[in-house]
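# Chains, contacts and geometry: an overview
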Amino acid sequence: MRRLTIAALGMIALLFAHVPLSAQGISGDVVKIGIMNDQNGPYADNCGLGSVAAAKLAVADFGGTVGGKKIELVIADDQNKPDVGVAIAMRWVDNEGVDAIVGCSASSIALAVQEMMKNRKKPYMLAGTAGSFFTNDKCSPMTTQWVVDTYAQPKATVKALLAQGVDSWFFLTVDYAFGKAWQADATNFIKAGGGKVVGSVLHPLNASDLSSFLLTAQASGAKAIAIANSGSDFANTIKQAQEFGLTKSQLLVPLGLMISQTHGIGLKDLQNVRLTTPFYWDMTPESRAFAKRYAEATGGQLLNEGKSATYSAITHYLKAVAAAGSDDGDAVMRQMKNTPVNDFEMKNVSIRADGQVMRPLYVARIKTPAESKYTYDYYEITGTIAPEDAWRPASESACDLLKVAVKNE
């Protein structure tokens, strides 16, 4: 994780100093939702301004009001800097009346924002942040995880490849909280399945030249090079790995991959790569219809996992506010967890006590250029992973919220 600046540490020290009293009804006569993510840096394609567009569709589909009160969105670029993200979130909540935040920030930012939201009792919905600790040892009663995490996404990929005899692994990992979490979780799956990790390297965030790291991976002789990064770092990894000829003798294995990254890199370099995904736009008539609406609203943009999750999170949050008759954080979170998620991408999906949205995951193969027949026709869905098989089981969880819920069942 990137070291926090002195300013950020000072801000985090203030997180515990301001805990609001509960209130009934809609505070300030407006329901205000913050959208925070990287909008110009290496992760901008994951969520960025595209998530803002999805949020606007969610608000419009809800009618623009809830309980007779206006719904308002506020937008911010966290610049991939913890001090910037924390400062924005504190200003929003303490001074500008923001009731909830949908985040697609780097894990180092999200951890700090989560603590602030927990102590202010404000819902925090993660629609792209991947650290598995958010629903494990760092779980919060105010946080929900809507997409995938560093536990679930590598799980199916590692198990499938081990079954095919891919038993030696090398990690190319971004030197950031989520990359390290990805590596740690995947390492556990590899060792549990009888495989071995022969080495690893850490590279800086937003690295343009990965040649030395890739040469080290190549020299390791590992059958699989596990790629634990995202955004532009992932794109650079794939392109430079192809240039060095790594794919001739070693398998490149992305531990997390959004379809927007597939689009940016292209089928030529990614064809036949296997992955796990929570959402694919071309799966059902409903998902295709929404993807068409989204494209029309954004000038033809592809609907990816984080942007669709932003829509789902906001819609479910607004339903909970309407049902609770209040934007009080505790009341809304109770309602969110007591109500199944139902929208264009999920049907009767529960939210577990640790905040995990218990959605199924899908095993996919990236098509070859010849197989792709129309715009964004990228994946062949080859299987479904049931929620109970995808997400961290309660028996392995370090989340006290989940332990209490299981005990009380």
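Residues numbered from 1 in each chain as written. Predicted model: local features only at pLDDT ≥ 70, side-chain atom pairs only at ≥ 80, totals over all residues. Heavy atoms only, no water.

An unreviewed UniProt entry lists the chain under the name Amino acid/amide ABC transporter substrate-binding protein (HAAT family), with Bradyrhizobium huanghuaihaiense given as the organism. Its UniProt record, at the heading Sequence similarities (unreviewed entry), says of the chain: "Belongs to the leucine-binding protein family." (UniProt positions renumbered as here; feature names shortened; annotations may be inferred.)

## Overview of the domain arrangement of the chain
Segmentation of the chain into domains returns domain 1 (30-148 + 284-360) and domain 2 (151-278 + 362-390). Of note, the centres of domain 1 and domain 2, computed from C-alpha atoms alone, are 26 Å apart. Facing 23 residues of domain 1, the contacting portion of domain 2 comprises 26 residues. Approximately 2,200 Å² of surface area, both sides summed, lies buried where domain 1 meets domain 2, with 65% of it carried by carbon and sulfur atoms. Summed over the shared surface of domain 1 and domain 2, the result is 0 salt bridges. Linking domain 1 to domain 2 there are 11 residue pairs in polar contact (both at pLDDT 80 or more). Of all the secondary structure elements, the ones that give two or more residues to the side of domain 1 that touches domain 2 are α4 (107-120) and α12 (305-324). Counted by class, the side of domain 1 that touches domain 2 contains 10 nonpolar, 10 polar and 3 charged residues. (Domains from an automatic or database assignment. Contact = heavy atoms within 4.5 Å. Buried area = accessible area lost by both parts, 1.4 Å probe. Salt bridge = Lys/Arg side-chain N within 4 Å of Asp/Glu carboxyl O. Polar contact = N/O pair within 3.5 Å; in protein donor to acceptor, adjacent residues only side chain to side chain. Helix = DSSP H or I, 4+ residues; strand = E, 2+ residues; numbered from the N terminus. Nonpolar A, V, L, I, M, F, W, Y, C, P; charged D, E, K, R; others polar.)

## A word on the packing of helix α2 (residues 48-61) against α12
Between α2 and α12, whose axes approach to 8 Å, the crossing angle comes to 30 degrees. Overall, the two elements α2 and α12 adopt an arrangement that is roughly parallel. Where α2 crosses over α12, the two elements pack in a sense that is right-handed. In this structure, α2 contributes Gly50, Ser51, Ala54, Ala55, Leu57, Ala58 and Asp61 to the contact, and α12 contributes Gly306, Lys307, Thr310, Tyr311, Ile314 and Thr315. (Axes fitted to C-alpha atoms, helices over the stretch in contact; angles between N-to-C directions. Parallel < 35°, antiparallel > 145°, perpendicular 65-115°, else oblique. Left-handed = near helix turned anticlockwise from the far one by under 90°.)

## Describing the pairing of strand β4 (residues 100-104)
Counting buried positions over the 5 residues of β4 gives 5, a clear majority of the element. Burial along β4 is two-sided: Ala100, Val102 and Cys104 facing one way and Ile101 and Gly103 facing the other are all buried. Strand direction decides the pairing type here: strand β1 (residues 30-37) and β4, joined by 5 bridges, are parallel. Counted as the bridge partner of Ile33 is Ala100 from β4. Here β4 runs beside strand β5 (residues 124-126); their pairing, made up of 3 bridges, is parallel. Its bridge partner lying in β5, Ile101 is registered against Tyr124. (Buried < 20%, exposed > 50% of the residue type's maximum accessible area, 1.4 Å probe, protein only. Pairing = 2+ DSSP bridges.)

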